[in-house]
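Survey of secondary and tertiary structure
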Amino acid sequence: MSDTFSATAFIDILVSVKPGDRPGKYIVHTEPPAPLVTESDTVINYQIIDTDGYDIVFTGMAVKPENNNQLSTASVSVSGKLLTFSDANSEKLTLAINLKFKDKDGLEFSHDPQIQNDPHPG
């Protein structure tokens, strides 16, 4: 048996998507809403966990600032329920994430959480 362990930090962010007050409108909630990243090369995983039975998937993401030298290109799982990328976390800054979704009818929508990078907390 090996005593090895993973030195990579992981942050799982749970995503719920609920129908809004009118057709084609969705309310998105992420938990945590703005994760604090304190370790270098952290893997960040957004996971759709609750949609009230609606077939909703990730299609990708965008980030601002666009040229930030912090985030890798995002990967969407085959099921569309996971969106994963890595964060170098080499600079203290706030990254504005634009999560992109699509419902079963092809309606695209987005949600704008943030990620707080702090390589030297405390």
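Notes on the structure in this doc start here. Remember, it's a predicted structure, so these values are computed and weren't measured experimentally.

Procedures and definitions
Residues numbered from 1 in each chain as written. Predicted model: local features only at pLDDT ≥ 70, side-chain atom pairs only at ≥ 80, totals over all residues. Heavy atoms only, no water. Pairing = 2+ DSSP bridges. Helix = DSSP H or I, 4+ residues; strand = E, 2+ residues; numbered from the N terminus.

1. Some words on the pairing of strand E8 (residues 93–103)
Sheet analysis places strand E5 (residues 56–64) next to E8, joined by eight bridges and oriented antiparallel. Within E8, the position partnered with valine 63 by the bridge is isoleucine 97. Bridge count between E8 and strand E9 (residues 108–111): four bridges; the pairing is antiparallel. The partner of lysine 102 across the bridge, within E9, is glutamate 108. Hairpin remark: E8 followed by E9, antiparallel, with four residues in the connecting loop; positive phi at glycine 106, about 90°.

2. Quick notes on the sheet that holds strand E7 (residues 82–87)
With respect to topology, five strands assemble into an open sheet ordered E2-E1-E4-E7-E6, the strand pairing being mixed. Since the sheet does not close on itself, it has two edges, and those belong to strand E2 (26–31) and strand E6 (75–76), each with one partner. With two bridges joining them, E6 and E7 adopt antiparallel strand pairing. In the strand pairing of E7, serine 75 is matched with threonine 84.

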